[in-house]
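# Observations on the three-dimensional arrangement
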Amino acid sequence: MANIEETLIPKIGVITDVRIDTPDVKTFRVVTPDGKKAFDHKPGQCAMLSIPAVGEAMFSITSSPTNTEFMEFSIKKCDCVTEWLHQAEVGQQITIRGPYGNPFPVDDEFAGKDLLFVAGGIGLAPLRSVINYCRHYRDRYGKIDIVYGSRSKADLVDYNEIITEWVTDDGIDVHLTIDNAEEGWDGHVGFVPNYVKELGFDTNKTVIICGPPIMIKFTLEGLMTLGYEKTQVYTTMELRMKCGVGKCGRCNIGDKYVCKDGPVFRCDQLEELPDEY
Amino acid sequence: MRKCKTDALDAVFAEIAKSSLLYIPTDTEKGAEYKKWSDGMKMSNALNTVRSPKDFFFPQTEDLMEFKVNGKEIEVIDTRSEKEDFVVFGVRACDVKSFEILDRVFLIDPCDSYYANRREHSTIVSVACTRPVETCFCQTFGIDAAAPEGDVSCWKTDSEVYFKANTPKGEALLAKLEGITVDADDKDVTAQQEKTREIMKKLPLAELSADKFGAGKTEEFFNAPEWDELSESCLGCGTCTFVCPTCQCYDIKDYNTGHGVIRFRCWDSCMYSDFTKMAHGNPRLTQKERFRQRFMHKLVYYPSNNDGLFSCVGCGRCLAKCPISMNIVKVMKTIGKSE
Ligand SMILES: Cc1cc2nc3c(=O)[nH]c(=O)nc-3n(C[C@H](O)[C@H](O)[C@H](O)COP(=O)(O)OP(=O)(O)OC[C@H]3O[C@@H](n4cnc5c(N)ncnc54)[C@H](O)[C@@H]3O)c2cc1C
Ligand code: SF4
Ligand code: SF4
Ligand code: FES
């Protein structure tokens, strides 16, 4: 029996780097004890991380699959697991299992399209994997626009990577915004949904949104007034999860299990689900 | 078909117990319960057990693995062990069907190895009902109480017990009983079945139909106004989910033993307020949403993913046990009525 693989039994991961992103978000680099990537994944997929006796929680794999050396997780401090991780140091072992969920259709529906990424706060974490995948295979995609906002400049996750790598790429426009004006910020000020409307994009784009539910809701409304269809918009959902494989019942909405039928959904598919998220 | 005299049942149990663990329903002060058979234990004549037999495959709590933590280092210990062969004798038709419903959750890819191992090592001997009661409605879901499934089906008449093998596992079990049983025709069984089916037709829930529910019916029922009054007095106690043979939600938790950490799973309930609680809120804020989830899952969502099969077998346990007498029958009768 011990030779049948059991998805609930995790592997060991080692934290090899901790980056402080914002006052409440840290990004952790994780490899196996022999220095390899724990498993392959696709953009948008997640992993269950745990610390024995503390708990287990689901996180988006924020690094791109094209990174063959390690995985990264951007984790916002909430409570038990995340708080514990925030005080962890380099060299700390954790457990890891996955990959779980369906990815963004980067090789199918997204191919050849102009892409518009819209993110709020920690919502950049799952999109960063997609963005870096698309940057890696740049010629497979059209123009890329990224609208990203947070409460303040200090709350922008991956700020360094954004300003040193993303903005310097050809054919990528990055539009940053923060909620309130502050000293040392000469960029846009205002909420993400309004900024998207102000920027007023062509309606030929495929849109990928992630952020707080309220931001997603208003951005979607904005996109609809710009003339977008729900079939052009993808998002990733967050519900409470335990097993990650459609068995514990925790993330069930309608006839879908977000852990295995999601977390990535096209907005018209989301429409068909009962309003319980 | 094979048969033996009713008083030879003790010998049948003894023979089975020679080569595997044997569990039978027996009467206790709490009602009928499955117990490990030992010499002299009598099989209960109660219609059904208080707890469902899902415990055999999906126990209320179950250790999954162990961890040793040493400074920054963690060791994962796979504590899974091959289960012993076991026979569950005397499972009613409704409960036998519940195993298929659980199989479709736990055995689909990625297969749950804990559940699968128990399933592999089990042999189910069902027993036909002869005295169904007013809380029974297995027939609503196409289950025939007089012809239970399982590896072996069994019928008890006044003086005899009949056995029919349905699977290779069942044949192997009957082969062991060859010295105790003799060949039989199905005359008495057929007569008993006819009588039981006559009783079934006269039960108060005989006309209950699930036809309006099923795959793809989310829109029809999700926003039905009746959920408000139906859920109004629900205490969120979770009793209905625990006694239900097909409810399968679970939680995963860690327990620090002082020498290591055991990760275990235990039954959970969608009726509990913290089931879906998250950092940024709870998508099922009131008992109404939780209550609706349980019944929509059984009558619509599960069928949508499982070729129309409902996730209720009409065992009636929730009818008997809910402290406020709410249950799936009331839901089925009431929801969508105003349309
Ligand atoms: C598919 C998916 C992807 C995710 N990706 C990320 C990510 O990339 N970065 C990130 O920081 N977070 C992510 N999360 C959220 C993360 O799982 C939760 O923040 C985490 O579970 C909270 O755990 P905790 O132990 O710190 O808090 P707990 O002590 O478990 O709980 C703190 C609070 O959070 C609630 N909670 C428990 N589980 C979840 C959950 N799954 N989601 C939200 N709230 C929860 C609890 O009910 C409680 O109110 C993701 C969640 C899902 C389902
Ligand atoms: S819902 Fe009630 S009647 Fe149906 S299987 Fe569960 S306990 Fe039995
Ligand atoms: S329906 Fe009845 S048994 Fe189920 S949670 Fe509500 S009060 Fe408890
Ligand atoms: S997390 Fe268990 S079913 Fe989705």
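Keep in mind that this is a model prediction, so the values were computed, not measured. (Residues numbered from 1 in each chain as written. Chains lettered and ligands numbered in written order. Predicted model: local features only at pLDDT ≥ 70, side-chain atom pairs only at ≥ 80, totals over all residues. Heavy atoms only, no water.)

### Some words on the side chain of T236 of chain A
Residues and elements named next belong to chain A. Condition: Only DSSP runs of H or I with at least four residues qualify as helices, and only runs of E with at least two residues qualify as strands; both kinds are numbered from the N terminus onward. When accessible area is computed with a 1.4 Å probe and restricted to protein chains, residues below 20% of their type maximum are described as buried, those above 50% as exposed, and intermediate ones as partly exposed. Between two residues, a contact is recorded if the distance between any of their heavy atoms is within 4.5 Å.
Considering the arrangement of structural elements, one finds T236 in strand β12 (residues 233-236). Residue classification places T236 among the buried residues on the basis of a relative accessible area of 10%. If we skip the residues at most four places from it in the chain, T236 touches F104, P126, I209, C210, P263 and V264.

### Focus: the domain arrangement of chain B
Residues and elements named next belong to chain B. Put simply, the rule reads: Note that the domain bounds reflect an automated or database-derived domain assignment. The term buried area denotes the loss of accessible surface (1.4 Å probe radius) that occurs when two parts are joined, taken as the sum for both partners. Salt bridges are defined as contacts in which a side-chain nitrogen from Lys or Arg sits within 4 Å of a carboxyl oxygen from Asp or Glu. Think of a polar contact as two N or O atoms within 3.5 Å of one another; within protein, one of them needs to be a possible hydrogen donor and the other a possible acceptor, and neighboring residues in sequence only count if both atoms come from side chains.
Taken domain by domain, chain B comprises domain 1 (2-202) and domain 2 (218-335). Placing the centre of domain 1 and that of domain 2 at their C-alpha centroids yields a distance of 25 Å. Every contact between the two is made by 39 residues of domain 1 and, on the other side, 37 residues of domain 2. Contact between domain 1 and domain 2 buries roughly 3200 Å² in total, counting both sides, with carbon and sulfur atoms accounting for 63%. At the boundary of domain 1 and domain 2, one finds four salt bridges. R317 serves as the salt-bridge partner of D95, at 2.7 Å between the closest nitrogen and oxygen. Counting across the domain 1 and domain 2 interface gives 20 residue pairs in polar contact (both at pLDDT 80 or more). For the side of domain 1 that touches domain 2, the element with the highest residue contribution is helix α2 (residues 93-106), accounting for ten residues.

### A few points about the domain arrangement of chain A
Residue and element names in this part refer to chain A. Structurally, chain A comprises domain 1 (11-100) and domain 2 (115-236). Taken over C-alpha atoms, the centre of domain 1 sits 24 Å from the centre of domain 2. Across the contact, 21 residues belong to domain 1 and 16 residues belong to domain 2. Taken over both partners, the interface formed by domain 1 and domain 2 buries close to 1400 Å², and the fraction arising from carbon and sulfur atoms is 55%. When the area that domain 1 buries against domain 2 is broken down by residue, the three leading residues are P43, T62 and T66, summing to 33%. One can count three salt bridges joining domain 1 with domain 2. R151 is the partner of D24 in a salt bridge, and the nearest nitrogen-oxygen pair spans 3.8 Å. Counting the contacts that link domain 1 with domain 2 gives six residue pairs in polar contact (both at pLDDT 80 or more).

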